[in-house]
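Now for the letters of each chain:
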Amino acid sequence: MTRVRFVQRDGSEKCVELDRDVSVMLAAVRNGVSGIDGECGGCLDCATCHVYVDATQASSVLPPSDEELELLSAVSGERRPNSRLSCQLKSLAAIDELVVYVPETQS
Ligand code: FES
């Protein structure tokens, strides 16, 4: 089972287990991770689930779809090369632990 480590801007961390077929966004919301809003429920309609995937792991996850790339242009925090919408991060069984950083703002 994949574990996701959410790192806040102040350095605090929270680790959650990621059930199969559950997105990183949903795991965050269900476990009360601060700073991941997921307002649209994962429909690629809000960009409030923005995270930065650890740079060393960016190539370990599937690349973003064209739709995700388009919505990433609407994130309110700084967009970086490792920016992802966490509702699109799932099926990570091959990864023991994914580290994601929560941006300064979501909206
Ligand atoms: S939860 Fe809305 S785009 Fe990810």
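No experiment lies behind these values; they were computed from the predicted model shown.

Reading the values: the criteria
- Residues numbered from 1 in each chain as written.
- Predicted model: local features only at pLDDT ≥ 70, side-chain atom pairs only at ≥ 80, totals over all residues.
- Heavy atoms only, no water.
- Helix = DSSP H or I, 4+ residues; strand = E, 2+ residues; numbered from the N terminus.
- Rg over C-alpha atoms; globule rule 2.2 N^0.38 Å.
- 1 Å grid on protein atoms, 1.4 Å probe; cavity = no way out; pocket = protein on both sides within 12 Å on 5 of 7 lines; lining within 4 Å.
- Points joined across faces, edges and corners; volume = space filled by probe spheres on them.
- Nonpolar A, V, L, I, M, F, W, Y, C, P; charged D, E, K, R; others polar.
- Buried < 20%, exposed > 50% of the residue type's maximum accessible area, 1.4 Å probe, protein only.
- Pairing = 2+ DSSP bridges.
- Core = buried A, V, L, I, M, F, W, Y, C linked by side-chain atoms within 4.5 Å.
- Contact = heavy atoms within 4.5 Å.

Draft legend 1. Layout of the overall build of the protein. Helix and strand counts for the protein stand at two helices and five strands. Put simply, the protein runs from its N terminus to its C terminus through helices and strands in the order β-β-α-β-α-β-β. Taken over the C-alpha trace, the protein has a radius of gyration of 12 Å; the compact-globule value for 107 residues is 13 Å, and the two agree within 12%. C-alpha extents for the protein along the principal axes are approximately 30 × 30 × 25 Å.

Draft legend 2. Highlighting the layout of surface pockets. The computed volume of the largest pocket comes to approximately 150 Å³. In this structure, the largest pocket is lined by M1, T2, L18, D19, R20, D21, V22, S91, L92 and A93. Among the residues making up the lining of the largest pocket, the classes are represented as five nonpolar, two polar and three charged.

Draft legend 3. Region of the structure containing the pairing of strand β3 (residues 50-53). With burial as the criterion, each face of β3 is covered, one bearing H50 and Y52 and the other bearing V51 and V53. Across three bridges, β3 lies against strand β4 (residues 83-85) in antiparallel orientation. Looking at β4, one finds that H50 is bridged to L85. Where β3 meets strand β5 (residues 97-101), two bridges bridge the pair, whose relative direction is antiparallel. If you follow V53 over to β5, its bridge partner there is V100.

Draft legend 4. Broad picture of the nonpolar core. One finds F6, V24, I36, L85 and L98 to be the most contacted residues of the largest nonpolar core, which totals 28 residues. Of all the secondary structure elements, the ones that give two or more residues to this core are β1 (2-7), β2 (13-18), α1 (24-30), β3, α2 (66-72) and β5. With four residues, the single largest contributor to this core is α1. Contacts of L98, omitting those with residues within four sequence positions, involve T2, R3, V4, R5, V24, V53, Q57, V61 and L92.

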